[in-house]
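Chain and residue survey
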Amino acid sequence: MKEKFNKPYNPKETEERIYQMWQDGGYFNPDTSIKEGYTKPDAKPFTIIMPPTNANGSLHAGHGLVMTIEDIMVRYKRMRGYRTLWLPGLDHAGFETQVVYEKKLEKEGRTRFDIEPKKLYEEILDFTLTNSSNIKSQIKKMGASCDWSREKFTLDEDVVKVVYGTFKKLSDDGLLYRGKRIVSWCSKHQTAFSDLEIKDEERVEPFYFLKYGPFVIGTSRPETKFGDKYVVMHPDDTRYSAYKHGQKIELEWINGPITATIIKDEAIDMAFGTGVMTITPWHDPVDFAIAERHGLDKEQVIDDHGKLLPIAGEFAGIHIKKARPLIIEKLQSKGLVDKVDEAYKHVVRTCYKCGTVIEPQIRSQWFVKMKPLADNVLEKIKAKDGINYIPEHYEKITIHWLENIMDWNISRQIVWGIPIPAKICTNCGSGFVDLENKMTTCPHKDADGVCGATLVKDNDTFDTWFSSSQWPFAALGFPNSEDFKNYYPTDVMETAGEIIFFWVTRMLMLGLYMTGKLPFSTVYLHGLVLDAKGQKMSKSKGNVINPLDLTEKYGTDAFRIGLIVGNTPGTSLALSENKISAYKNFANKLWNISRFILADTAGPAGDVKLEPISFDPHFKAWTEQDALRVKELHALAKEITKEMDEFKFYIVAEKMYHYAWHELADKIIEESKAILSGSDDVARLSRRQFLLLALITILKSLHPFMPFVTEEIWSALPMEKKIRLIAESWVA
RNA sequence: GCGCGAUUAGCUCAGUUGGUAGAGCAAUCCAUUUACACUGGAAAGGUCGGGGGUUCAAGUCCCUCAUCGCGCACCA
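Everything numeric here is computed off the predicted structure, so don't read it as measured data. (Residues numbered from 1 in each chain as written. Chains lettered and ligands numbered in written order. Predicted model: local features only at pLDDT ≥ 70, side-chain atom pairs only at ≥ 80, totals over all residues. Heavy atoms only, no water.)

1. Some remarks on the overall build of chain A
A tally of regular secondary structure across chain A gives 21 helices and 30 strands. For chain A, the residues scored as buried account for 55% of the 732 residues in total. Averaging the coordinates of the 96 positive side-chain charges in chain A and doing the same for the 101 negative ones gives two points 1 Å apart. (Helix = DSSP H or I, 4+ residues; strand = E, 2+ residues; numbered from the N terminus. Buried < 20%, exposed > 50% of the residue type's maximum accessible area, 1.4 Å probe, protein only. Lys, Arg positive; Asp, Glu negative; His and termini not counted. Charge placed at Lys NZ, Arg CZ, Asp CG, Glu CD.)

This is the structure in structure tokens:
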């Protein structure tokens, strides 16, 4: 009996020491585990690639959940004898990090546009590396048993090389194109986005009916209308059958007389407004499509900063926000406003990060043709071939998204990211993938021959999701490394349900495309971690719970199991401090159960001195009562093993909690007091062996959930040939 | 508009192939130098959102409605 059991369990004295012991002992590394004999050399691999952590801040509650769930999976499989690899990584997190850094600059009174790009890149790199050491120590605090010797960073040279290889292959296979297309542009962040970075927001705004020659057109955005010289109506609309396609009409418009052309197009909804609209192809995707169909001119009206261009005449240089009322005023004075619907409810597309209204702009960007990639994955999913979603309904959501997929704009106009290895022609605007940086003149051919103009480097960077979507194979050293051969495809991808499209589904597409295999066979998605009232945590609400405060206060084990019990996959989780503190009590309960069982003396008065015994794994001389207990315990072990395999961690944690506290402690130990202090030596030995067996079973099965306290108690168990609990075999 | 969820005890949620409703927390009462007060014991608490159907039997399967949440696409 060690003296430490005389005091309540103290996580602070334990956790750091034990983590260090595990790490120094090589338990997290499958190679050393084989070398030390903890894992058989021919053991089947089990691999989880950790979602690369954004290195731009500190650990939040969501990370706490990721680390806990994945560590449970990994520790369980390790104990089951798998050659287990959990590969940690850090994400440069392109745009996300740049936004964080820009806020920092803002506080310092600087802006990114004042800093030379190269210098800015270095500043952000420095910032990221500084933060990353912080993040890593926090991941360790969570008890994550990942293999730090294999840690990767999304900007590592070999990772970038893989990303470039993918870019090239997409180009060679005709799945990459660069073209002038409508992109979603944020005028604050000065970059284009993919369709996923856009957040729809419902707004109520005025809707203006304007007199456009003989027509009345409706718009919620009068500031885009300066260049509108095409008026479009449905070919079947009898109200306008007098007007013919291509017919020119003269009319008075905002800044004077213009000539407009009639266009008939079936995209027009006859029932909406007056059934007539003018188009602004540069700033609207629908209008762009109409213009493309009919070969119409496209003119830019709004610049990259949201200000009106000279086409707006007297309004040039004014920001669209300020210009709108002024334009309406002018239209009114010219008698061109027919009427105004003040309460028009519609959806506005905004930047998911800053809420700025997205301005569609025509720009040349790199796009990936997604349909062929999506079709390959769809085939696998629908054939139930090698991919399993937890919870299941994410499969339907994925199918729906894949069936309606849009091409992916992977160019970003930010510094912080992987530079796009391409050249752009200064004359014709064509783009060319150039990994070796060798091309100097434009090889683009058309009817007039080869362009031949000077090429310049593409200054854009990749969408951060383009690189992270290649993470499972890139982090393992695709295509030739031993790790790639040994551990790919991986087993489980565990991440937040929120990023199922951003990341998970794109990993399936690029993984299958590049390696011929889906990168993982199970997708496990967890929900949001909310505050105790079930509200989303946000800095502005001030309800952010820092996981490190909780681990500090209650211990990591209490935090971990508190997150898991009652949290089914996919559903969001209300994190209450109350619950965590309840599991701190549980850690202490385990401590005291152990104290009782391991004590040299036992019985209510402590008056019977017992000889120390060692746990006998082959003990058979059970009393009838204990034989029943053993049977129950084995049945429980079998049940929870099945549930672990089904990823039902919430049930396992709860069952073991219940067994330890309300069976073993409340009933079995209570009834043991009489047996241990009694005179029946046979019964006493049977019971002492049973108590050890029960404790061992509890410690093993709770180890994935509460690794520290279980390992600490384990070290005091009277057993022969004992190894560390982390490397022990599972209960079944 | 299309799609996906949710609705079960005061709160947070389980409930696997249909077989008399479960846990944790909270609240109530009782106990008090017990391995542990970071404690023990007891009792209480639910027409499983409404309606309909299938079935010997429905929280569970089907239809429908309502409310809430999320995603996607949009009409100028």
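2. A word on unusual backbone geometry
Going from Ile390 to Pro391, the amide bond is cis rather than trans, its omega being -10°. Relative to the elements of secondary structure, Pro391 occurs in the loop between strand 16 (388-390) and helix 10 (393-403). Not every positive phi belongs to a glycine, and Ala93 is a case in point at roughly 50°. When its relative accessible area of 2% is taken as the criterion, Ala93 is described as buried.

3. What to know about the protein's contact with RNA strand B
Near RNA strand B lie 44 residues; those nearest to it are Phe272, Val286, Tyr344, Val347 and Trp661. Lys589 has a polar side-chain atom sitting 2.6 Å from a base oxygen of RNA strand B. Separating a phosphate oxygen of RNA strand B from a side-chain N or O atom of Lys673 is a distance of 3.3 Å. Among the elements of the structure, strand 9 (215-219), strand 14 (337-351), helix 10, helix 17 (577-598) and helix 19 (649-677) are those that each provide at least two residues to the surface near RNA strand B. Considering every element that reaches the surface near RNA strand B, the biggest residue donor is helix 19, with ten residues. Residues of the surface near RNA strand B, tallied by class, amount to 18 nonpolar, 15 polar and eleven charged. (Near = heavy atom within 4 Å. Polar contact = N/O pair within 3.5 Å; in protein donor to acceptor, adjacent residues only side chain to side chain. Nonpolar A, V, L, I, M, F, W, Y, C, P; charged D, E, K, R; others polar.)

4. With respect to helix 18 (residues 624-645)
When the terminal C-alpha atoms of helix 18 are compared, their 32 Å separation across 22 residues agrees well with the 32 Å that a helix rising 1.5 Å per residue should span. Where the residues of helix 18 are buried, they touch helix 3 (61-79), helix 19 and helix 20 (681-702). Phi turns positive one or two residues past the end of helix 18, at Phe647, with a value near 60°. (Expected span 1.5 Å × (residues − 1). Contact = heavy atoms within 4.5 Å.)

5. Focus: the packing of aromatic side chains
To describe a pair of aromatic rings, one takes the distance between the centres and the angle between the planes. Tallied over the entire structure, the rule returns 42 aromatic pairs. With a centroid separation of 4.8 Å and 35° between ring planes, the pair formed by Phe462 and Phe466 is classed as tilted. Taken individually, Phe462 and Phe466 each receive the classification buried, so the pair is uniform in this respect. Measuring from centroid to centroid gives 5.2 Å for Phe478 and Phe484, while their planes differ by 75°, and the two rings are edge-to-face. The class for Phe484 is buried, based on a relative accessible area of 12%. Cluster of aromatic residues (ring-pair linked, three or more members): Tyr164, Phe167, Trp366, Trp408, Phe462 and Phe466. Taking NZ or CZ as reference, Arg75 lies 4.2 Å from the ring centre of Trp22, over its face. Above the plane of the ring of Phe367 lies Arg181, whose end atom (NZ or CZ) is 4.5 Å from the centre. (Phe/Tyr/Trp six-rings, centres within 6.5 Å; stacked < 30°, edge-to-face > 60°. Lys NZ or Arg CZ within 6 Å of the ring centre and 35° of its normal.)

6. What to know about the layout of surface pockets
When its volume is computed, the second largest pocket comes out at roughly 1,400 Å³. Of all the secondary-structure elements, those providing two or more residues to the lining of the second largest pocket are strand 8 (198-212), strand 9, strand 13 (276-278), helix 7 (285-294), helix 8 (320-333), strand 14 and strand 15 (359-368). The element best represented in the lining of the second largest pocket is strand 14, accounting for five residues. Taken together, the residues of the lining of the second largest pocket sort by class into 17 nonpolar, 16 polar and 13 charged. (1 Å grid on protein atoms, 1.4 Å probe; cavity = no way out; pocket = protein on both sides within 12 Å on 5 of 7 lines; lining within 4 Å. Points joined across faces, edges and corners; volume = space filled by probe spheres on them.)

7. Comments concerning the pairing of strand 1 (residues 45-49)
By the criterion of burial, strand 1 is predominantly enclosed, with four of the five residues buried. Bridge count for strand 1 against strand 3 (residues 83-87) is five bridges, and the pairing is parallel. Among the inter-strand pairings, Ile48 is bridged to a residue of strand 3, identified as Trp86. (Pairing = 2+ DSSP bridges.)

8. Description of the sheet that holds strand 4 (residues 89-91)
The three strands are arranged 2-4-5 in an open sheet whose pairing can be described as parallel. Both edges of this open sheet fall to strand 2 (53-54) and strand 5 (152-153), since each of them pairs with a single strand only. Here strand 2 pairs with strand 4 via two bridges, running parallel. Residue pairing for strand 4: Asn54 is matched across the bridge by Asp91.

9. Examining a positive patch on the surface
On the surface, a cluster of positive charge is made up of Lys103, Lys107, Lys188 and Lys539. Mapped onto the fold, Lys107 is located in helix 4 (residues 94-107). (Patch = residues over 30% accessible without salt bridge, like charges linked within 9 Å, V, L, I, M, F, W, Y side chains within 5 Å. Areas by Shrake-Rupley, 256 points an atom, 1.4 Å probe, with all protein chains shown as cover. Salt bridge = Lys/Arg side-chain N within 4 Å of Asp/Glu carboxyl O.)

10. What about the sheet that holds strand 20 (residues 431-433)?
A sheet is described by the order of its strands in space; here three strands give the open sequence 20-19-23, paired in antiparallel fashion. Each end of this open sheet is capped by a strand with a single partner; those strands are strand 20 and strand 23 (455-457). The sheet shows a mean angle of 30° between the axes of neighbouring strands, taken without regard to direction. Pairing analysis gives three bridges linking strand 19 (residues 422-425) to strand 23, with the strands arranged antiparallel. (Axes fitted to C-alpha atoms, helices over the stretch in contact; angles between N-to-C directions.)

11. So, the pairing of strand 10 (residues 230-233)
Burial along strand 10 is two-sided: Tyr230 and Val232 facing one way and Val231 and Met233 facing the other are all buried. Looking at chain direction, strand 10 and strand 12 (residues 256-264) are connected through four bridges and run parallel. Counted as the bridge partner of Val232 is Ile263 from strand 12. Sheet topology note: the strand 10/strand 13 ladder contains three bridges and is antiparallel. For Met233, the partnering residue across the bridge sits in strand 13 and is Val276.

12. Structural notes on the packing of helix 16 (residues 556-564) against helix 21 (residues 707-714)
With their axes 7 Å apart at the nearest point, helix 16 and helix 21 run at an angle of 125° to one another. Taken together, helix 16 and helix 21 sit at an angle that is classed as oblique. Contacts from Thr556, Asp557 and Arg560 of helix 16 reach helix 21 at Pro707, Phe708 and Val709. Looking at the contact of helix 16 with helix 21, its residues break down into three nonpolar, one polar and two charged. (Parallel < 35°, antiparallel > 145°, perpendicular 65-115°, else oblique.)

13. Brief notes about the environment of Glu252
Here Glu252 is to be found in strand 11 (residues 248-253). It is 72 Å that separates the C-alpha atoms of Glu252 and Phe46, two residues lying 206 residues apart in sequence. Setting aside anything within four residues of it in sequence, one finds Glu252 in contact with Pro257, Lys334 and Leu336.

14. Description of helix 15 (residues 547-554)
Restricting attention to buried positions, one finds in helix 15 the residues Pro547, Leu548, Leu550, Thr551 and Tyr554. All buried residues of helix 15 lie within an arc of 160° about the axis, which places them on one face of the element. Looking at the buried side of helix 15, the elements it contacts are helix 1 (11-24), helix 3, helix 5 (117-141), helix 16 and helix 17. Looking at where helix 15 begins, the residue whose side-chain oxygen comes 2.9 Å from the main-chain nitrogen of Leu548 is Asn546. Of the residues trailing helix 15, Gly555 is marked for its positive phi of about 95°. (Arc of directions from axis to C-beta.)

15. Describing the nonpolar core
Formed by 175 residues in total, the largest nonpolar core has its most connected members in Phe167, Phe466, Phe586, Phe649, Leu664 and Phe705. If one sorts the elements of this core by residue count, helix 19 sits on top with 13 residues. Among residues more than four places away in sequence, those in contact with Phe705 are Ile72, Asp557, Arg560, Ile561, Ile564, Met644, Phe649, Val652 and Ala653. Tyr208, Val231, Ile249 and Ala312 belong to the second-largest nonpolar core, a separate cluster that totals 29 residues. (Core = buried A, V, L, I, M, F, W, Y, C linked by side-chain atoms within 4.5 Å.)

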